[in-house]
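# Architecture and fold: a report
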Amino acid sequence: MRKFLVVLDDSRECLNAMRFAAMRAAHTGGGVAILSIIPPDEFNHWIGVGEVMREEARERIHAHFEVFAKWMRDKQGVEPELVIREGEPVPEIIAHIQEDPEIGVLVLGAGTDKKGPGPLVSQMSRSSGSLPIPITIVPGDLSKEKLEAIT
């Protein structure tokens, strides 16, 4: 089964990337892998405090994931999987793509402000020539109706 890999973060554009991945998976018989990355700098504290913070970050990720997962199950009939990694986003995304041979497409949401599409889209675009899969960049301001029409 081909899976669409989408990155779960706190950005607004993440919502459209999730929608796109779920709709494409539903229409093509694929799956969705949702990757959330915990940056290493969140835990540069004393060991005990770092462990508590790591666990709190995982709880936030699970809660955020469940919102998207419920929508995917209820509206698209897709059961997503959650993957949590720790490290810098770009190397962790690339590592996950290399480790999971079922990943067929990386789906990223592009920001809509004047600064550009966002750091993740910019950084992954630089690496796109050497990736084993294509990247789909979903504009952050596409309407649900437009997403439905193109998926």
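Check the entry above for the structure.
On a predicted model such as this, the values are computed, not experimentally measured, just so you know.

## Things to note about the overall build of the protein
- A tally of helices and strands in the protein yields 5 helices and 5 strands.
- Secondary structure elements in the protein, listed N-terminal to C-terminal, are β-α-β-α-β-α-β-α-β-α.
- Computed over C-alpha atoms, the radius of gyration of the protein comes to 15 Å, within 12% of the 15 Å expected from 2.2 N^0.38 for 151 residues, which places it in the range of a compact globule.
- Over its C-alpha atoms, taken along the principal directions, the protein stretches across nearly 50 × 35 × 35 Å.
- In the protein, 72% of the contacts between residues at least 6 apart in sequence involve partners at least 24 apart.
- Within the structure as shown, the protein displays about 8200 Å² of accessible surface, and the carbon and sulfur contribution to it stands at 52%.
- Across the protein, the mean location of the 17 positive side-chain charges is 7 Å away from that of the 23 negative side-chain charges.

## As for the sheet that holds strand β5 (residues 135–139)
- The strand order across the open sheet formed by 5 strands is β3-β2-β1-β4-β5, and the pairing between neighbours is parallel. What marks the edges here is a single partner per strand, and that holds for β3 (81–86) and β5. The average undirected angle you get between the axes of adjacent strands in this sheet is 30°.
- Here strand β1 (residues 3–7) runs beside strand β2 (residues 31–38); their pairing, made up of 5 bridges, is parallel. Bridged to K3 within β2 is G31.
- Its contacts with the sheet put helix α4 (residues 119–127) on β1, β4 (103–110) and β5, and the angle it makes with β4 is roughly 140°.

## Things to note about the side chain of D100
- As for its placement among the helices and strands, D100 is situated in the loop between α3 (89–99) and β4.
- In this structure D100 comes out as buried when scored by relative accessible area, which is 12%.

## Section: helix α1 (residues 13–28)
- Compared with an ideal rise of 1.5 Å per residue, which puts 16 residues at 22 Å, α1 spans 23 Å between its outermost C-alpha atoms and is within 8% of the ideal.
- Regarding α1, the residues found buried are E13, C14, N16, A17, M18, R19, F20, A21, A22, M23 and A25.
- Two residues or fewer past α1, G29 is found with a positive phi of approximately 75°.

The rules behind the values
Residues numbered from 1 in each chain as written. Predicted model: local features only at pLDDT ≥ 70, side-chain atom pairs only at ≥ 80, totals over all residues. Heavy atoms only, no water. Helix = DSSP H or I, 4+ residues; strand = E, 2+ residues; numbered from the N terminus. Rg over C-alpha atoms; globule rule 2.2 N^0.38 Å. Contact = heavy atoms within 4.5 Å. Areas by Shrake-Rupley, 256 points an atom, 1.4 Å probe, with all protein chains shown as cover. Lys, Arg positive; Asp, Glu negative; His and termini not counted. Charge placed at Lys NZ, Arg CZ, Asp CG, Glu CD. Pairing = 2+ DSSP bridges. Axes fitted to C-alpha atoms, helices over the stretch in contact; angles between N-to-C directions. Buried < 20%, exposed > 50% of the residue type's maximum accessible area, 1.4 Å probe, protein only. Expected span 1.5 Å × (residues − 1).

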